[in-house]
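Given next are the chains, with one letter for each unit.
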Amino acid sequence: MRENVKATVKNILTGYLELNQHRKTPERFTILDAVYSFSGHFSLEELSDKLSIEYNFPVSRATLYNTLRLFVELRLVVRHRFQSTTKYEACYDNNSHCHQICTMCGKVTEVKSPQVNEAIESMPTRRFRKDGFTLYVYGICSSCQAKLRRRAETKNKKNIQKPNKK
């Protein structure tokens, strides 16, 4: 299935480039292939590393930015701003989904929610065609909750062990 998606997005890019008389560069198609080989979110640095190491195809930061901007315009990639970082995600076959974002460690987890999908689909819009959504839910992940609990327990034990000075 993944190869079908890659072929489809390659055809979308080819059609756009031909229609707008832009050059069909090897950089654009290699970056597109690398983007669709990620299984989730990725940073610009992670994409650059993948291109250099796995594809033996290093490209400049400017080329990456410009190409990703084009892919965002074509709705082949979505850009997320998670707290202090920017992440990208291939979105052709995954336009609508929810993210849980831990405000302590920054961990991002995708969540499938049929109820949210149904609510968005049934939401009335006026002169607007919906074609996807992303929902961000902020909170504290279970790992960070456990760390906070242990920290509080340690602090309580220290307070109990100290004699009160008067």
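Residues numbered from 1 in each chain as written. Predicted model: local features only at pLDDT ≥ 70, side-chain atom pairs only at ≥ 80, totals over all residues. Heavy atoms only, no water.

### Considerations on the pairing of strand β3 (residues 96–102)
For clarity, the threshold we go by: A 1.4 Å probe rolled over the protein chains alone gives each residue an accessible area, and that area as a share of the maximum for its type sets the label: buried under 20%, exposed over 50%, partly exposed in between. Think of it this way: any DSSP run of H or I at least four residues long counts as a helix, any run of E at least two long counts as a strand, and we number them from the N terminus. Here a strand pair is declared whenever DSSP counts at least two bridges between the two strands.
Buried residues dominate β3, accounting for 5 of its 7 residues. The pairing of β3 with strand β5 (residues 133–139) spans 7 bridges and is classified as parallel. Bridge pairing links C98 to L135 in β5. Bridging between β3 and strand β4 (residues 108–111) involves 4 bridges; their strand directions are antiparallel. Paired with I101 across the two strands is V108, which belongs to β4.

### Observations concerning the pattern of salt bridges
Using the following cut-off: One side-chain nitrogen of Lys or Arg within 4 Å of one carboxyl oxygen of Asp or Glu is enough to make a salt bridge.
Evaluation of the coordinates by the stated rule reveals 5 salt bridges. The residue K24 makes a salt bridge to E18 at a minimum N-O spacing of 2.7 Å. When its relative accessible area of 46% is taken as the criterion, K24 is described as partly exposed. Residue E18 is classed as partly exposed on the basis of its relative accessible area, which comes to 46%. A salt bridge links R61 to E45; the shortest N-O distance between them is 2.7 Å.

### Structural notes on the sheet that holds β4
The line we're drawing: The axes used here are C-alpha line fits, helices contributing only the stretch in contact, and every angle between their N-to-C directions lies in the interval 0 to 180 degrees. Throughout, a residue-residue contact means that at least one pair of heavy atoms, one from each residue, lies within 4.5 Å.
If you walk across this open sheet you meet the 3 strands as β4-β3-β5, and the pairing is mixed. Of all strands in the sheet, those with a lone pairing partner are β4 and β5, marking the two edges. Averaged over neighbouring strand pairs, the angle between their axes works out to 25 degrees when direction is ignored. Here helix α5 (residues 114–122) sits on the sheet in contact with β3 and β5, set at roughly 135 degrees to β5.

### A closer look at the packing of helix α1 (residues 2–19) against helix α2 (residues 26–35)
To keep things clear, this is the line we draw: Throughout this description, any angle smaller than 35 degrees is read as roughly parallel, any larger than 145 degrees as roughly antiparallel, any in the 65 to 115 degree range as roughly perpendicular, and the remainder as oblique. Rotating anticlockwise by less than a right angle from the far helix to the near helix defines a left-handed crossing, while the corresponding clockwise rotation defines a right-handed one. Residues are grouped as follows: Ala, Val, Leu, Ile, Met, Phe, Trp, Tyr, Cys and Pro are nonpolar; Asp, Glu, Lys and Arg are charged; all remaining types, including Gly, are polar.
Axis separation between α1 and α2 bottoms out at 10 Å; the angle between their running directions is 150 degrees. When the axis of α1 is compared with that of α2, the two are roughly antiparallel. As α1 runs across α2, the sense of the crossing is right-handed. Counting all contacts with α1, which are made through K6, V9, K10, L13, T14 and L17, the residues of α2 involved are R28, F29, L32 and D33. Residue composition of the contact of α1 with α2, grouped by class: 5 nonpolar, 1 polar and 4 charged.

### Observations concerning unusual backbone geometry
Even without a glycine there, the phi angle at R75 is positive, about 60 degrees. Residue R127 is not a glycine yet carries a positive backbone phi of 55 degrees. Among the secondary structure elements, R127 is positioned in the loop between α5 and β5.

### Focus: the environment of H22
By secondary structure assignment, the location of H22 is in the loop between α1 and α2. Taking relative accessible area as the criterion, H22 reaches 40% and is therefore assigned partly exposed. Put simply, H22 and G132 are 110 residues apart on the chain and 27 Å apart in space, counted from C-alpha to C-alpha. Those residues within four positions of H22 in sequence are excluded, and the remaining contacts are Y16, L17 and R28.

### Structural notes on the side chain of K50
Relative to the helices and strands, K50 is located in helix α3 (residues 44–53). Every residue in contact with K50, bar those within four places of it in the chain, is listed here: A34, S37, F38 and Y55.

### Some thoughts on the packing of α2 against α3
Where α2 meets α3, the closest approach of the two axes is 10 Å, and the angle between their N-to-C directions is 110 degrees. Between α2 and α3, the crossing angle belongs to the class labelled roughly perpendicular. Here the hand of the crossing between α2 and α3 comes out right-handed. Residues T30, I31, A34 and V35 of α2 form the contact with α3, whose participating residues are L47, K50 and L51. Residues belonging to the contact of α2 with α3 are distributed by class as follows: 5 nonpolar, 1 polar and 1 charged.

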